[in-house]
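The chain contents come next:
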Amino acid sequence: MFVPMNDHHNIMHSMLRNNDVLRPFRPIAVILLALLLGACGAVQPVRVLPKGETLMTASLGGAVGVSTSPVGFVPYAIVGAAHGVSDDITIHGNIHALMAVFGVVGLDAGASYRVMHQHDWIPEVTAAARGIFFSKPNDSYGAMRLYPDVSATLSWELGQRRIGYVGTHATTQLSNGQMFFSPMVGLVAAVNDAWSVQLETIWQAANINTQKGIFEGESSIGGNGSLGVYIGAQVKL
């Protein structure tokens, strides 16, 4: 899921200007300023959890093919948890860990709902809603940013404890009402009874032209959006 840069421009520039400790990290910070990709990651449950089950989750990844990053992608990290409050509803929340390194608070929280069970090749349908929050400590309320995000995911059991899925996020920038659509496709595979790994590819902000700006279309598809890849891990408590 994509979060636009313009609402964060002043936060990030103020942060870099007033914190000399972060000077060595400025190339990465510029990348984050360009797209702020961290609101997306392979951490939101593809399917709801059974009632009472809790997962700890983590995700690393971001826009790929970015020459301004020394590792070729935006190394955005998210950690969080999910809990099944019923067999059809799961709540989840995440901390945007890399943003904390730069002195920015990044959080998201929400819930997922099972709309329909899988039946043969008719997929399971999961709907989710969450709020994504960014702020710099000591900022005024006016500088804080909240982005509503809704998603729909279709998933299939592929055998041997694997689940494939497709879906899309729709994220709204409240300052101007613009909506960003981010289709995704991924795979979740169980390693054992406790651990699972997840691989997700997402076309973030597929409806927005991103050929201009710091990325200059490096990670776009046909000049639009940003191609991101995420690797996630989940462990049952």
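These remarks concern the structure in this document. Predicted model only: the values in this text are computed from it and were never measured.

So, how was this worked out
- Residues numbered from 1 in each chain as written.
- Predicted model: local features only at pLDDT ≥ 70, side-chain atom pairs only at ≥ 80, totals over all residues.
- Heavy atoms only, no water.
- Patch = residues over 30% accessible without salt bridge, like charges linked within 9 Å, V, L, I, M, F, W, Y side chains within 5 Å.
- Areas by Shrake-Rupley, 256 points an atom, 1.4 Å probe, with all protein chains shown as cover.
- Salt bridge = Lys/Arg side-chain N within 4 Å of Asp/Glu carboxyl O.
- Helix = DSSP H or I, 4+ residues; strand = E, 2+ residues; numbered from the N terminus.
- Buried < 20%, exposed > 50% of the residue type's maximum accessible area, 1.4 Å probe, protein only.
- Contact = heavy atoms within 4.5 Å.
- Polar contact = N/O pair within 3.5 Å; in protein donor to acceptor, adjacent residues only side chain to side chain.
- Pairing = 2+ DSSP bridges.

**Considerations on a nonpolar patch on the surface**
So, point 1. Residues Val85, Ile89, Ile91, Tyr113, Val115, Met116 and Ile122 make up a contiguous nonpolar surface patch of about 580 Å² in total accessible area.
So, point 2. Elements with a contribution of two residues or more to the nonpolar patch: β3 (89-96) and β4 (105-116).
So, point 3. It is β4 that provides the largest number of residues to the nonpolar patch, a total of three residues.
So, point 4. One can find Ile89 in strand β3.

**A short note on unusual backbone geometry**
So, point 1. A positive phi is found at Asp120, a non-glycine position, where the angle reads about 55 degrees.
So, point 2. Here Asp120 is to be found in the loop between β4 and β5 (124-135).
So, point 3. Given a relative accessible area of 60%, Asp120 falls into the exposed group.
So, point 4. At Gln160, a residue that is not glycine, the phi angle is positive and equals roughly 50 degrees.

**Considering the environment of Met184**
So, point 1. Within the secondary structure, Met184 is located in strand β8 (residues 178-190).
So, point 2. Classification of Met184 as buried rests on a relative accessible area of 8%.
So, point 3. Expressed as a C-alpha distance, the spacing of Met184 and Glu200, which sit 16 residues apart in the sequence, is 6.9 Å.
So, point 4. If sequence neighbours within four positions are ignored, Met184 has contacts with Ala152, Thr153, Tyr165, Val166, Gly167, Thr168, His169, Glu200, Thr201 and Ile202.

**Side note on the environment of His96**
So, point 1. By the secondary structure assignment, His96 is in strand β3.
So, point 2. Owing to a relative accessible area of 1%, His96 belongs among the buried residues under this scheme.
So, point 3. For His96 and Ile132, which are 36 residues apart along the polypeptide, the C-alpha to C-alpha distance reads 10.0 Å.
So, point 4. Here the side chain of His96 touches Asp108 through a polar contact of 2.9 Å, side chain to side chain.

**Let's talk about the pairing of β5**
So, point 1. Both β4 and β5 contribute to a ladder of eleven bridges, which runs antiparallel. Residue pairing in the sheet places Gly110 in a bridge with Arg130 of β5.
So, point 2. The pairing of β5 with strand β6 (residues 145-159) spans eleven bridges and is classified as antiparallel. Looking across to β6, one finds that Phe133 is bridged to Leu146.

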